[in-house]
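Coordinate inspection notes
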Amino acid sequence: MTVLTDEPIEVLLIEDNPDDVRLALHAFKQHNLKNEIHVARDGAEALDFLFCTGLHVGKINKKPRLILLDLKLPKVDGLEVLKRIKGDMLLRSIPVVIMTSSREERDVVESYQLGVNSYIVKPVDFDKFMDAVKQLGLYWLLLNQPPILQQ
């Protein structure tokens, strides 16, 4: 979906629902957040992208500035992806925001125990979903100051 360029990947969107992918990309574009976005459709694809394995072997590691992560993913679930990200010395400083439909308390608790930076339940309403993505982009990409070593 995303053409990889020499520009740094700003956002890694890990989402298996094509409608939610379209909405998120539309929201970023609509609100002039013209960041390079890479979409991974399942947890295994996301891990391959982040760790330069599988189809991404030999590619330059383009560490994203923000990861938007769904929990309910095929192949490797979101909690395992989060665990691998936060367990890696080079990736752990990347902010990870879980965007999921799960309101289960155990998912929230485990996500924070594993080091998630924010947990957001996806709004069902189109306008609210668009606003949530806009607010995420504005905060994490424009206002938040990551450590210099992350760049």
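Right above here is the structure, for reference.
Residues numbered from 1 in each chain as written. Predicted model: local features only at pLDDT ≥ 70, side-chain atom pairs only at ≥ 80, totals over all residues. Heavy atoms only, no water.

Examining the overall build of the protein
In terms of regular secondary structure, the protein is built from five helices and five strands. Reading the protein from its N end, one meets helices and strands in the order β-α-β-α-β-α-β-α-β-α. The proportion of buried residues among the 151 residues of the protein is 44%. Within the protein, contacts between residues at least 6 apart in sequence are counted, and of these 68% link residues at least 24 apart. Carbon and sulfur atoms make up 54% of the accessible area of the protein, which totals about 8,200 Å². (Helix = DSSP H or I, 4+ residues; strand = E, 2+ residues; numbered from the N terminus. Buried < 20%, exposed > 50% of the residue type's maximum accessible area, 1.4 Å probe, protein only. Contact = heavy atoms within 4.5 Å. Areas by Shrake-Rupley, 256 points an atom, 1.4 Å probe, with all protein chains shown as cover.)

Focus on the nonpolar core
Formed by 22 residues in total, the largest nonpolar core has its most connected members in I14, I67 and L69. Excluding anything up to four places from it in sequence, L69 contacts I14, G78, V81, L82, V96, V97, I98 and M99. One finds V11, L13, M130 and L136 within the second-largest nonpolar core, a separate group that totals 16 residues. (Core = buried A, V, L, I, M, F, W, Y, C linked by side-chain atoms within 4.5 Å.)

Re the sheet that holds strand β4 (residues 96–100)
The five strands are arranged β2-β1-β3-β4-β5 in an open sheet whose pairing can be described as parallel. Single-partner strands in this sheet number two, and they are β2 (37–40) and β5 (118–121). Each adjacent strand pair in this sheet contributes to an overall mean axis angle of 20°, direction not counted. When strand β1 (residues 11–14) meets strand β3 (residues 66–69), the two strands line up parallel, connected through four bridges. (Pairing = 2+ DSSP bridges. Axes fitted to C-alpha atoms, helices over the stretch in contact; angles between N-to-C directions.)

A closer look at the environment of F129
Here F129 lies in helix α5 (residues 126–143). For the pair formed by F129 and A27, sequence separation is 102 residues and the distance between their alpha carbons is 8.3 Å.

Section: unusual backbone geometry
Backbone geometry at C52 places phi at a positive 55°, although glycine is not the residue there. Secondary-structure assignment places C52 in the loop between α2 (43–51) and β3. Residue K75 is not a glycine yet carries a positive backbone phi of 70°. As for its placement among the helices and strands, K75 is situated in the loop between β3 and α3 (78–86).

Regarding the packing of aromatic side chains
As enumerated under the stated definition, the model contains zero aromatic pairs in all. The ring of F51 carries R84 above its face, with NZ or CZ at 4.8 Å from the centroid. (Phe/Tyr/Trp six-rings, centres within 6.5 Å; stacked < 30°, edge-to-face > 60°. Lys NZ or Arg CZ within 6 Å of the ring centre and 35° of its normal.)

Let's talk about the side chain of D70
As for its placement among the helices and strands, D70 is situated in the loop between β3 and α3. A polar contact is formed between the side chain of D70 and the side chain of T100, at a distance of 3.4 Å. (Polar contact = N/O pair within 3.5 Å; in protein donor to acceptor, adjacent residues only side chain to side chain.)

What about α3?
All buried positions along α3 are accounted for by G78, L79, V81, L82, I85 and K86. Along α3, the residues classed as buried sweep out an arc of 160° about the axis, all on the same side. Where the residues of α3 are buried, they touch β1, α2, β3, β4 and α4 (105–113). (Arc of directions from axis to C-beta.)

Remarks on the environment of M130
By secondary structure assignment, the location of M130 is in helix α5. Classification of M130 as buried rests on a relative accessible area of 6%. Along the chain, M130 and A27 lie 103 residues apart, while their C-alpha atoms are 5.1 Å from each other.

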